[in-house]
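A look at the structure
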Amino acid sequence: MYAVLSCLAYEHNLFLVVVAGALCFIANAGTVVFAARARQANDRSRYGWVIVSGGAGGFGIWATHFVAMLAYDPGQLFTFNLSLTLLSLGIAFLATFAAGLLAVLFTGKSGAVAAGLVFGTGVSCMHFTGMAAIEFGGLIVWSQPLVIAAIVTAIVMSTTAFLMILKRGLANNILAAGLLSLGIVFMHFIAMGAATLVPGFGILPEDGMLSKPLMLATIIAVSLSLIGSGLAVATITGRAARSSKASEANFQMLVRGVTDYAIYMLSPEGAVSSWNAGAERAKGYRADEIIGQHFARFYSDEEQARGLPEQALATARTTGLFEAEGRRYRKDGSWFWAHVVIQPVLDDDGVLAGYAKITRDITRQRQDTDRIASVTQNVDLALENMAQGICLFDREQRLVLTNRRYGQIFRFEEGALKPGMTYREIVALGYRTSFADAAEAEARAEQHYQRNIAAINSRQEALLHRLSDDRTIRIDFSYLDQGGWVSTFEDISERIRSEEKIAFMAKHDSLTQLPNRPALMEYLEAEVRNAESEGGHVAVVGIDLNKFKQINDQFGHAAGDAVLKEIAERMNSIVRPHEMFARFGGDEFVAVKRYGDLAEVSEFLDRLSDAFGQPIQIEVHRLSPGASMGVALYPHDGASPDALIANADLAMYRAKGSLSRDICFYDIEMDEAARDRTKMAEDLWTAIEQDQLRLHYQVQKSVATDEITGYEVLLRWSHPERGNVSPADFIGVAEECGAILPIGAWVLREACREAANWPNDYKVAVNLSPVQIAHADMPALVHTVLLETGLKPSRLELEITESSIISDKQRAMNALRSIKALGVSIAIDDFGTGYSSLETLRSFPFDKIKLDRSFLTEVDRSEQATAMVRAILALGQGLQIPVLAEGVETVNQLDILRREGCHEVQGYLLGRPMPMEDQPNPQSGSEMGSANQNAA
């Protein structure tokens, strides 16, 4: 300690020491603030803040060290090696960046401790690298205890500082910055106290050295670089914050501005599910008063009795749009004239999710239109303040009056429209204003005039007119008794654009802009109808990307979205007339092609394969997902769109499972079998809920005593349509689809529950599937079932096959040991077949070996079969493991097993599988001597 204090007091310029400490604190305060911003930022920007934090902290460490070194005067002339000096600066930046990154990525105490360790170690490495840069005519002798003390001090105080950062708050941040600064300063001066410069007779080299003035200039340059970087980052983030704030303000302004329209959502049944400010303003209900109520309350009692609300929803649902005008009633009982639009809203699967309803109070417009018939002295004032343009024409088609809004809509010059002009002249003037080519303007004017006059002569009430600048004008006609008519003009461009966008999104995928399922189904229905009437053909191609899940898992969903967009662009570029390519969802696509010859289908599939096979460049990644395709042809593979889609899917899944083909055509035999397995899998998931499963029991007896030792549980499925389904047919399907897990748990629980109520303490043997061993926490399940049912563990025997162990032997063995520790017996089933090996018997102390029934088929007429049975029985006796023989069906088989020393038997000779209540009384007629009669 004396050496440290002496070094500080007598060998340092205290003013520069204070400067170094202040500079260190400011830089570390910046480090703490930037690290806090990094934790609050999103994934994309947080790394920028970590870099800024690393720059500030790294410079602070380096600046502290070298300003203090400038203050160091040991009485010896020295300078600094340039390479080692720059290396120490790099170490400072790298250590601070790594510590900041750890603190951001691992936000708990473990991350803070790791950051402290890295930071303290990096500070120490930087210091001693900087000391190694000192060049003078002598040697530096180090005090090892002080060197260790310096490093430990830096690590301890850095770790404490990073733990303080976790607590958040200004005071904690200041304290953390102080601790970091003190750790750096203490480490520096303890380490400086550990160094003794021993003079020698060397000569200071001149090349590659840095003088103290040069070091000071370097520190100033790095300071300016750091400040400039901080200002740049602050400017960028400030602009982003202002942009975000401006966007939010614009959005809020838009929401607040929608007060002229009542916009709200209805449930599929017609109940109000959302309510905006415009709706409250128009109808007087607050959101908490109206949400959940049926929208029929806005109609009169008479209209409700006539079912008009329900008819409106039905029209919207069937035609895609309901639009009408009429009276709508407010909360206070008053009414207003409303223009109503109802559109259905469908979810991604095309299922009705509700309705979007827009109501606009058009009472004023309606009153204005009605007053036209009786023009008064105030007509000019009323006309000039209307929101719509208006024109009154007499029976001679001459203009009687108009308003300013009409001229604004069609952009006539002020004063260009005068009473007495004919309708034809006004139309011609409008087109001359919009088109420079006189001939084209005249032709368009004539076409427009003839169309509108035809509508007027037929007493049409309204029509839409699309202008050359893409605006849409709604024209409403009111006809006068004395001849002539009144036209009102309303610019509904925004509404039309919104409706067109809604209509587009209803038929297109939001990500790829490809047609969606409803759009493709509508197109396919039309193609099938056309093919049916003209004797044509339609190909439907089901497509699924091969490696899409892998792309999402490895590169993120943003990369997956980019892949889908690229595929969409490729498909849009290759699709030709009478073809459609749509996205059904996820990585599933469907293509449709009208064709006359199969060669056209082959060419279409080649185009699709080429498009899917080309690599996709996503940033630095080059991806080649590929695709599996299944083809169904109309009319051979299906007569309806649904059947064609389903059959194409079946063929696609067959291609996906093939190792050699990416394209498969529908094959009724192969694909119907797959469809049947899929249907069976769906039925299995509901078999427990619908009480379709039953437990049967087959008796197991001792060969020596003829006594019952237990019963094996056998599962039976009584399907309402398939009848009794064999376990050989459904167990494999259950394992494939995962339904074996709930089914297996039900079997175990039900078997233990029934066995607990038996009058005798017989064992109950339950088979476990390999899927259960691999995917379920079997020890916990067994323990829970035993507690729930009250069955003694010693009465439960679990049977497994060696295939249950092969896939993950260590996991399986651990599970079996845990189950055995509960007191439950473990038997190895089907021994002698499949993967049976002595290694398995050696690895685990099984309680029983079950000899597979296949060995008994020829045991009474084949010496080889008898020898194999004898060998397995001898193996069991040698390992002191009892052996139970399955499939005993004849007395001769039983005699052989008795003679060879078999312990237990099971089979039709002794009793067929049946419900427990149907089992014969074990006290009567159960001797094996009468077993032959039972078998008969």
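Below you will find a few notes about this structure. Throughout, residues of each chain are indexed from 1 in the direction in which the sequence is written. A pLDDT threshold of at least 70 governs which residues receive local features in this predicted model, and a stricter bar of 80 or more applies before side-chain atom pairs are shown or counted, although totals over entire chains, interfaces and linings include all residues. With hydrogens and water excluded, all non-hydrogen atoms of the structure serve as input to the side-chain values.

The linkage connecting Y634 with the following residue, P635, adopts the cis geometry, with an omega of 5 degrees. In this description a helix means any DSSP run of H or I spanning at least four residues, a strand means any run of E spanning at least two, and both kinds are numbered starting from the N terminus. Tracing the chain through its elements places P635 in the loop between β20 (627-634) and α23 (641-657). A positive phi angle is found at Q397, which is not glycine, with a value near 65 degrees. Among the secondary structure elements, Q397 is positioned in the loop between β10 (389-393) and β11 (399-402). Categorising residues by exposure relies on relative accessible area from a 1.4 Å probe, with only protein chains included: less than 20% of the type maximum marks a residue as buried, more than 50% marks it as exposed, and the intermediate range marks it as partly exposed. Look at Q397 and you get partly exposed, because its relative accessible area is 23%. Of note in the backbone geometry, R459 takes a positive phi value of approximately 60 degrees without being a glycine. Note on placement: R459 falls in the loop between α17 (438-457) and β12 (462-466). The class for R459 is exposed, based on a relative accessible area of 51%.

So, about the pairing of β12. Residues L463 and H465 of β12 are buried on one face, while the alternating residues A462, L464 and R466, pointing to the opposite face, are not. Strands qualify as paired when DSSP identifies two bridges or more between them. Sheet topology note: the β12/strand β13 (residues 472-479) ladder contains five bridges and is antiparallel. If you follow L463 over to β13, its bridge partner there is I475. Here β12 hands over to β13 after five residues, with D470 in that stretch at a positive phi of 75 degrees.

By convention here, two paired aromatic rings are described through the distance between centres and the angle between planes. Note on ring pairs: Phe, Tyr and Trp rings are taken, using the six-membered ring of Trp, and paired if centres are within 6.5 Å. Classes follow the plane angle, with under 30 degrees stacked, over 60 edge-to-face and the rest tilted. A complete count under the given rule lists 25 aromatic pairs for this structure. Members of the aromatic cluster, joined through ring pairs, are Y264, W275, Y285 and F298. Geometrically, a charge over a ring is one whose NZ (Lys) or CZ (Arg) sits within 6 Å of the ring centre while staying within 35 degrees of the ring normal. Sitting over the face of the ring of F298, K283 holds its NZ or CZ atom 3.7 Å from the ring centroid. The ring of W335 has R327 sitting right over it, with the charged end atom 3.9 Å from the ring centre.

Turning next to the packing of helix α21 (residues 557-574) against helix α22 (residues 598-613). Axis lines are fitted to C-alpha atoms, over the contacting stretch for helices. Their N-to-C directions set the angle, which ranges from 0 to 180 degrees. It is at 10 Å that the axes of α21 and α22 come closest, and there the two elements cross at 150 degrees. Relative to α22, the element α21 is oriented roughly antiparallel. Judged by the twist between their axes, the crossing of α21 over α22 is right-handed. Across the interface between the two elements, I567, R570, M571 and I574 from α21 touch R607, L608, A611 and F612 from α22. Throughout this description, any angle smaller than 35 degrees is read as roughly parallel, any larger than 145 degrees as roughly antiparallel, any in the 65 to 115 degree range as roughly perpendicular, and the remainder as oblique. Less than a right angle of anticlockwise turn of the near helix away from the far helix marks a crossing as left-handed, whereas a clockwise turn marks it as right-handed. Residue contacts are counted whenever heavy atoms from the two residues lie within 4.5 Å of one another.

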